[in-house]
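Structure assessment
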Amino acid sequence: FTSPGGCPVSPRAAAFDPFTGPYQTDPAASLRWSRDEEPVFYSPELDYWVVTRYEDVKAVFRDNELFSPAIALDKITPTSDEASSVLAQYDYAMSRTLVNEDEPAHMPRRRALMEPFTPAALAHHEPMVRRLTREYVDRFVDSGHVDLVDEMLWEVPLTVALHFLGVPEEDMDTLREYSIAHTVNTWGRPAPEQQVAVAEAVGKFWQFAGTVLDKMRKDPSGHGWMPFGIRVQQEQPDVVTDSYLHSMMMAGIVAAHETTANASANALRLLLEHRDVWEEICDDPGLIPNAVEECLRHSGSVAAWRRLVTADTTIGGIEIPAGAKLLIVNSSANHDERHFDQADDFDIRRDNAGDHLTFGYGSHQCMGKNLARMEIQIFLEELTKRLPHMELVPDQEFTYLPNTSFRGPDHVLVRWDPARNPERADP
Ligand code: HEM
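Bear in mind that the values here come from a model prediction, so they are computed numbers and not experimental data. (Residues numbered from 1 in each chain as written. Predicted model: local features only at pLDDT ≥ 70, side-chain atom pairs only at ≥ 80, totals over all residues. Heavy atoms only, no water.)

Regarding the packing of aromatic side chains
Considering all chains together, one arrives at 14 aromatic pairs under this definition. Aromatic pair W33 and F41: ring centres 5.0 Å apart, planes at 40 degrees, arrangement tilted. For the pair W33 and F41, one class covers both residues: buried. Among the aromatic residues, ring-to-ring pairing joins F16, Y23, W33 and F41 into one connected group. Geometry around Y361 places K58 over its ring, the cationic atom sitting 4.7 Å from the centre. The ring of Y400 is capped by R407, whose NZ or CZ atom sits 4.3 Å from the centre of that ring. (Phe/Tyr/Trp six-rings, centres within 6.5 Å; stacked < 30°, edge-to-face > 60°. Buried < 20%, exposed > 50% of the residue type's maximum accessible area, 1.4 Å probe, protein only. Lys NZ or Arg CZ within 6 Å of the ring centre and 35° of its normal.)

Structural notes on the sheet that holds strand β8 (residues 325-328)
Reading across from one edge, β1-β2-β8-β5-β3 is the order of the five strands in this open sheet, with mixed pairing throughout. Either end of the sheet is taken by a strand with one partner, and the two such strands are β1 (40-43) and β3 (67-68). With four bridges joining them, strand β5 (residues 305-309) and β8 adopt antiparallel strand pairing. Bridged to W305 within β8 is I328. (Pairing = 2+ DSSP bridges. Helix = DSSP H or I, 4+ residues; strand = E, 2+ residues; numbered from the N terminus.)

Here's the deal with the site of the ligand
By nearness alone, 28 residues border the ligand, and H106, R110, R307, H364 and C366 come closest of all. A distance of 3.3 Å separates an oxygen atom of the ligand from a polar backbone atom of V99. Taking H364, its side chain carries an N or O atom lying 2.7 Å from an oxygen atom of the ligand. Looking at the shell around the ligand, the elements with two or more residues in it are α7 (106-112), α15 (242-273) and β5. For the shell around the ligand, the per-class residue count stands at 16 nonpolar, 10 polar and two charged. (Near = heavy atom within 4 Å. Polar contact = N/O pair within 3.5 Å; in protein donor to acceptor, adjacent residues only side chain to side chain. Nonpolar A, V, L, I, M, F, W, Y, C, P; charged D, E, K, R; others polar.)

In structure tokens form, the structure reads like this:
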């Protein structure tokens, strides 16, 4: 068995399957063998080279010319003819946004669109995020049990995302369905019979994005990142193109909300599974910011990202040909003992927790990272204050949407005794 590059493929490399089983439940643990023995391997199943050690993943992120991000939003599973024709009916044309844009186009666009992400601009959103979080907690605080994902962690980040983007609040359930379809379409392996339904939802999402954009263009004076982009386009039409705006209108909704919803669900699960740590942050909320960073490291919501090799090179000593596609597994890098001491331990006082690669690294590093951090911090502040006695419903099985990259439990069921709610004693 040999790869196109002529390298032998080991049995474990040949068996690597990121769409089922151990990778889904714990991607870092499922690739421990690779970090230890074969840190760069070719996966014939994917036709990707898989990179799993911290230094190698970081080096790939660092050089965005040798390792182009152009394929970051490509479909990892080629669509059937039938699904392709459904997408064509909707004139689906997802193209370059920022995350998959090469230089020299990328940097001028990133700079032109950065202002709404500055700390000063983000500070305006904090009261809204807190108010929204409180309203959602109000709805279930007296009930004694809740699915945190369905009743809070999905919709609050979606509402914040729409607000940040300047998109009017739409039917939340429909947007959730569209977003999941986009994830499956981009990073999943839908069965042939599933592909057409996914294509329908993605096509509708594309059309929805176009309609919102057309409306916004008529009056681009409103708040939010997308109207801001339309205004920048009027000054710099070559930097902020029509194709960018339509693609980002759709991709931005997913980038800003699904990532954060999943990260929050991972964090709550992890903290409640470590009861002593949960109680520590209940007693001392000052620990929350570094706890958020450690949650993002230990159980991040973007498990792997992609790059295209533009010239013959080596990664970790392995020769990789130009044209090769890379799956860089940041969730594995985040558990690399070569960089993080006792990497599998969950340690909210870890001094280098912030070195994690969950937001990527280098010139494409996540622009929304501080918005995401703020949201997760506020969720933890509000939940530790109002429901310190909540616990995971025992023996629940956590399930994940099968895909390479976006990772968070479908449900997180928790319960508590409402008679012990602190606000009853001290309203
Ligand atoms: C890029 C992860 C939240 C907007 C990225 C990248 C990753 C990522 C892995 C690619 C980085 C690279 O190629 O080096 C995450 C995670 C989030 C999150 C884990 C939540 C926990 C957000 C939010 C927004 C956002 C809330 C906001 C609107 C973006 C944008 C880019 C990006 C615009 C493209 C940057 C560029 O290519 O220059 N994110 N993200 N993200 N993210 Fe996030």
